[in-house]
Amino acid sequence: MAGGGGGLGKPERAKRGKHSKRKKKKRIGFHLDMTPLVDITFLLLTFFMFTTTMLKPQIMEMRIPPERYEKVEVRESELFTIMLMPDNKIYWYAGQAREDNKPEEIPLNKLRALAEQQNLKPNVRNRLITVLKIADQAKYEKVIQILDELNLAEINITEQLSKDLDAEGQPVKRQRKFTIATLSETDDDFKLIQGVK
Amino acid sequence: MPKVKKKRMGFVIDMTPLVDITFLLLTFLMFTAKFKSEAENEQQFTIKRPYATPDTTKLPERDLAIISIAVDDKNPLDTSFYFSMTNLNDKARVWELAEVPAEYSNLALVKVDSLMLSKLIRSTLAVRNTTKFALDADKEIPFKWVSQAMDIMRLQRAFIFNFVTEKRKASETKESE
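These numbers come from a predicted model, not from an experiment. (Residues numbered from 1 in each chain as written. Chains lettered and ligands numbered in written order. Predicted model: local features only at pLDDT ≥ 70, side-chain atom pairs only at ≥ 80, totals over all residues. Heavy atoms only, no water.)

J.: Help me get a handle on helix 5 (residues 143–155) of chain B, residues and values and all.
T.: For helix 5 of chain B, spanning 13 residues, the distance from its first C-alpha to its last is 18 Å, which sits close to the expected 18 Å at 1.5 Å a residue. Within helix 5 of chain B, burial applies to Phe 143, Val 146, Ser 147, Ala 149, Met 150, Ile 152 and Met 153 of chain B. (Helix = DSSP H or I, 4+ residues; strand = E, 2+ residues; numbered from the N terminus. Expected span 1.5 Å × (residues − 1). Buried < 20%, exposed > 50% of the residue type's maximum accessible area, 1.4 Å probe, protein only.)

Dropping the structure here:
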């Protein structure tokens, strides 16, 4: 028995006093008034329940390469560029941006499918370099969302690639090539978008 | 009916299971509760973190250096870098090595410019080179702040760091799909 008895204990005993002829009950164990204990426990419980936050921030790991100054030559066909404009719109193009290969706008929710499709193109399979060009004024939130979509695309890409076998008969390992650059207004691709508008 | 019915005086409920469960919850919440760190107590800003897909990698607690980029609550034009560390022993040494001005030396969180930030990052790596870095920025911050912080980290040879994010809720996932 826990609380309940607390308030009732006293009057009961007083009654017993009146009928003193009554046989004394044999004591079995003992009765502890738990009411104050329960009171304080509930108080603490409510306090901790209201103050605890269960959500812990999570992380997205980034590795940045050391500064290197020698030029690396890449094939034009192996480039896949995603641009985040100052107005937070996303554009993309494969290869080099030209008059006949203008950057196209893409909504964020289609980006994953696009990244998968581009990375699995037969001629550049596993060799594609994703370039993310971000304007200085773009929101940090958008950058994280794009990185998140690209990370999600990676799941499918890795899975698809592991079905291929390399020269030694081992499943192909995904080699992710990724770079972040600043998008400036003087860039050719930026100017092309201005033209699109 | 041989027995005389006892007069009822109120009623008694067996509270034992209730108390059991209450204690269990209480102990659980007490042990999991984490109190605000000194740095969080000092901060004059609130960070709304960007949302990312739920991940199992959580923010490490030990030996972490946090670079926050946030807007001051009272002055919305005041965006700045802030630097804090979870390992307080290391913190004292880093502060000393980076020559943090005396008036800030007692603070757990310092507001820094890019020069001071690079000094602090360099000192952090000098004190303990396994320290992890976390970049905790408000989601509304223009990317140039983040890219500046990344450039500083690159120059100070802190090549691996973490973006601090919040778990994306189901409703938002739907929205984007």
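Moving on from the model shown.
J.: Explain the environment of Asp 72 of chain B to me, using residue names and the numbers behind them.
T.: All names here are of chain B. Here Asp 72 is to be found in the loop between strand 2 (64–71) and strand 3 (79–85). Given the relative accessible area of 13%, Asp 72 is considered buried. Taking the C-alpha atoms as reference, Asp 72 lies 7.8 Å from Thr 46; in sequence the two are 26 residues apart. Ignoring any residue separated from it by four or fewer positions in sequence, one finds Asp 72 in contact with Gln 44, Phe 45, Asp 78 and Tyr 82. (Contact = heavy atoms within 4.5 Å.)

J.: Any details on unusual backbone geometry? Residues and values, ideally.
T.: All names here are of chain B. One non-glycine residue, Asp 63, lies in positive phi territory at about 50°. Here Asp 63 lies in the loop between strand 1 (51–52) and strand 2. Phi is positive for Glu 99, which is not a glycine, with a value near 55°. Mapped onto the elements of the fold, Glu 99 is located in the loop between helix 3 (88–97) and strand 4 (109–112).

J.: Go over the interface of chain A and chain B, please, and point to the residues and values.
T.: With 49 residues of chain A at the interface, the matching set in chain B holds 59 residues. At the boundary of chain A with chain B, total buried surface from both sides reaches about 5,100 Å², with 66% on carbon and sulfur atoms. Of all residues in chain A, the largest losses of buried area upon contact with chain B belong to Gln 58, Ile 59 and Tyr 140 of chain A, amounting jointly to 18% of the total for that side. Applying the counting criterion to the chain A and chain B interface returns two salt bridges. Lys 139 of chain A is the partner of Glu 140 of chain B in a salt bridge, and the nearest nitrogen-oxygen pair spans 3.3 Å. Summed over the shared surface of chain A and chain B, the result is twelve residue pairs in polar contact (both at pLDDT 80 or more). Every element with two or more residues in the side of chain A that touches chain B is listed here: helix 1 (5–18), helix 2 (35–51), strand 1 (58–63), strand 5 (129–135) and helix 4 (140–161) of chain A. Per-class residue counts for the side of chain A that touches chain B are 29 nonpolar, eight polar and twelve charged. Pairing of strand 1 of chain A with strand 6 (residues 160–167) of chain B, which is carried by six bridges, proceeds in the antiparallel orientation. Paired with Met 62 of chain A across the bridge in strand 6 of chain B is Phe 161 of chain B. (Buried area = accessible area lost by both parts, 1.4 Å probe. Salt bridge = Lys/Arg side-chain N within 4 Å of Asp/Glu carboxyl O. Polar contact = N/O pair within 3.5 Å; in protein donor to acceptor, adjacent residues only side chain to side chain. Nonpolar A, V, L, I, M, F, W, Y, C, P; charged D, E, K, R; others polar. Pairing = 2+ DSSP bridges.)

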